[in-house]
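What follows is each chain in one-letter form.
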Amino acid sequence: MHLINDAPLDHFRKEGHFLVGFERRKTKDELRYPKKFATFAASMGKDKLRRFAENENFPNLIQPNFEYPPADHELKGKWHQNFFKNDHPIIVELGCGRGEYAVNLAEKFPDKNFIGIDWKGARLWRGAKTGVENNIANLGFARMQIQNCAALFAPNEVSEVWITFPDPNLEESRAKKRLTSPRYLDLYRKFMTADGIIHLKTDSRPFYDYTLEMIAEQKLKIFKQTSDLYNSEILDDVLSINTTYEKMWLKDGLKICYLQFKLNS
Ligand SMILES: C[S@@+](CC[C@H](N)C(=O)[O-])C[C@H]1O[C@@H](n2cnc3c(N)ncnc32)[C@H](O)[C@@H]1O
């Protein structure tokens, strides 16, 4: 066992050290309802472990163990041949959480393939489980960091990307982490087709405006745009699919923004 002083936590996690004398600050709810929260947290913990164990056996979920720099995954360039066993277009949902878009689109469009990507296994479990229970053959999930997508997909392998309610990372110091920053758009160019299309759904007006600025800077073509989807004429049965986060924002009365644009000028 090792004591931690000032070293970054990630380093210690990677090296397999244990955290000693480190206590997370309690939330307001934990302080107000300690007993209720302890029971809830214990059941959450068990539920997470059960989900992680089930994830190990889902045939539609891969959990690549990327090191840095990431080596190419065995499915890179082979998703059609070895995973979907067809040559239909591949569409990816980034930061998919429970994968509502991937699942619903896969059911609506059996002649297209869908892959949901997120690093949170307990969330992905929901999408993967639904895929297995409903026998959705054109659906897969990958538990990994979006930054490593170029190790998972070959050039031209993906034709569309959905970015559903990404963390807006509005602080200037986090601008590079925004999923529509020039850095991420360049990443998508490494594996998307020349006429690749990006869809963005967000509750964050500043994030929507930022993305419009990036599109203007890079002279990209916009196909659809609205800063108030549910009061817009472009609303249809695809755009009205609700994600977990979207439901929360709608309940709070927030407006939903949507953009569809071409990745290359
Ligand atoms: C605000 S949530 C939205 C989840 C889902 N799309 C929805 O609308 O309910 C953002 C999601 O992105 C995932 N995420 C954020 N950064 C990521 C990254 N670099 N790689 C993989 N997943 C990431 C988080 O784990 C989280 O599930």
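Residues numbered from 1 in each chain as written. Predicted model: local features only at pLDDT ≥ 70, side-chain atom pairs only at ≥ 80, totals over all residues.

Student: Honestly, the site of the ligand in this entry has me stumped. Any pointers?
Tutor: Near the ligand there are 18 residues, and of these Gly 95, Gly 97, Phe 165, Thr 243 and Tyr 245 occur at the shortest range. Among the elements that line the shell around the ligand, the one with the most residues is helix α9 (residues 244–251), at three residues. (Near = placed C-beta within 6 Å. Helix = DSSP H or I, 4+ residues; strand = E, 2+ residues; numbered from the N terminus.)

Student: Is there a simple way to think about the nonpolar core in this case?
Tutor: If you look at soluble globular proteins, the nonpolar side chains tend to sit buried side by side. If you look at the biggest cluster of nonpolar residues, it comprises 48 residues, and the most contacted ones within it are Val 92, Leu 94, Ala 102, Ile 115, Ile 117, Val 161 and Tyr 188. Counting residues per element, this core draws most heavily on helix α5 (residues 100–108), which supplies five residues. If sequence neighbours within four positions are ignored, Val 161 has contacts with Val 92, Leu 94, Tyr 188, Met 192 and Ile 198. (Core = buried A, V, L, I, M, F, W, Y, C linked by C-beta atoms within 7 Å. Buried ≥ 20, exposed ≤ 12 C-beta atoms within 10 Å, placed from the backbone. Contact = placed C-beta atoms within 7 Å.)

Student: Got a minute to help me understand unusual backbone geometry in this structure?
Tutor: Peptide bonds are mostly trans, and most non-glycine residues show a negative phi. In the segment running from Tyr 68 into Pro 69, the intervening peptide bond is cis, with an omega of -5 degrees. Relative to the elements of secondary structure, Pro 69 occurs in the loop between β1 (61–62) and α4 (79–84). At Asn 169, a position not held by glycine, the phi torsion is positive, near 45 degrees. Looking at the secondary structure, you find Asn 169 in the loop between β5 (158–164) and α7 (182–189). Since 17 C-beta atoms lie within 10 Å of it, Asn 169 is described here as partly exposed.

Student: Just checking my understanding: could you explain the pairing of strand β8 (residues 257–262) for this structure?
Tutor: Look at any regular strand and the pattern is simple: side chains alternate between the two faces of the sheet. In the sheet, strand β6 (residues 192–202) pairs with β8 via six bridges, with the strands oriented antiparallel. Across the sheet, residue Leu 200 finds its bridge partner in β8, namely Leu 259. Two elements, strand β7 (residues 222–226) and β8, share four bridges in a ladder whose sense is antiparallel. Following the sheet pairing, Lys 224 is matched in β8 by Gln 260. (Pairing = 2+ DSSP bridges.)

Student: I'm lost on the sheet that holds strand β2 (residues 90–94) in this one. Help?
Tutor: By way of backbone hydrogen bonds, the strands of a sheet pair with one another, either parallel or antiparallel. Pairing is mixed in the open sheet, where eight strands are placed in the order β1-β4-β3-β2-β5-β6-β8-β7. The open sheet is flanked by β1 and β7, the only strands paired with a single partner. Pairing geometry for β1 and strand β4 (residues 139–143), over two bridges, is parallel. Looking across to β4, one finds that Leu 61 is bridged to Phe 141. Against the sheet, helix α8 (residues 205–217) engages β6, β7 and β8, with an angle of about 15 degrees to β8. (Axes fitted to C-alpha atoms, helices over the stretch in contact; angles between N-to-C directions.)

Student: Please explain α8 as it appears in this structure.
Tutor: Taking 1.5 Å per residue, 13 residues should reach 18 Å; α8 reaches 18 Å between its end C-alpha atoms and fits that length. Buried within α8 are the following residues: Phe 207, Tyr 208, Thr 211 and Ile 215. Projected down its long axis, α8 carries its buried residues within an arc of 100 degrees, all on one side. Relative to its buried face, α8 has exposed residues pointing more than 90 degrees away, namely Pro 206, Asp 209, Glu 213, Ala 216 and Glu 217. Its buried side turned inward, α8 meets β6, β7 and β8. (Expected span 1.5 Å × (residues − 1). Arc of directions from axis to C-beta.)

Student: What is the right way to read the environment of Lys 176 from this model?
Tutor: In this structure, Lys 176 sits in the loop between β5 and α7. On the neighbour-count criterion, Lys 176 (10 C-beta atoms within 10 Å) is exposed. Once you skip the residues sitting within four places of it in the chain, Lys 176 turns out to touch Ser 181 and Arg 183.

Student: Looking at this structure, how should I read the environment of Ile 146?
Tutor: Positionally, Ile 146 belongs in the loop between β4 and β5. Judged by the 21 C-beta atoms lying within 10 Å of it, Ile 146 falls in the buried class. Residues Ile 146 and Leu 187, spaced 41 residues apart in sequence, show a C-alpha to C-alpha distance of 9.4 Å. Filtering out sequence-adjacent residues up to four positions away, Ile 146 remains in contact with Leu 94, Gly 95 and Ile 117.

Student: Hey, could you run me through the pairing of β2 in this one?
Tutor: In terms of burial, β2 is largely enclosed, as five of its five residues are buried. Alternating positions in β2 separate into two faces, Ile 90, Val 92 and Leu 94 on one and Ile 91 and Glu 93 on the other, with burial throughout. Where β2 meets strand β3 (residues 113–118), five bridges bridge the pair, whose relative direction is parallel. By the bridge assignment, Glu 93 is partnered in β3 with Gly 116. Bridge count between β2 and β5: four bridges; the pairing is parallel. Counterpart to Ile 91 in the pairing with β5 is Glu 160.

Interpretation in functional terms is not warranted from these geometric data alone.
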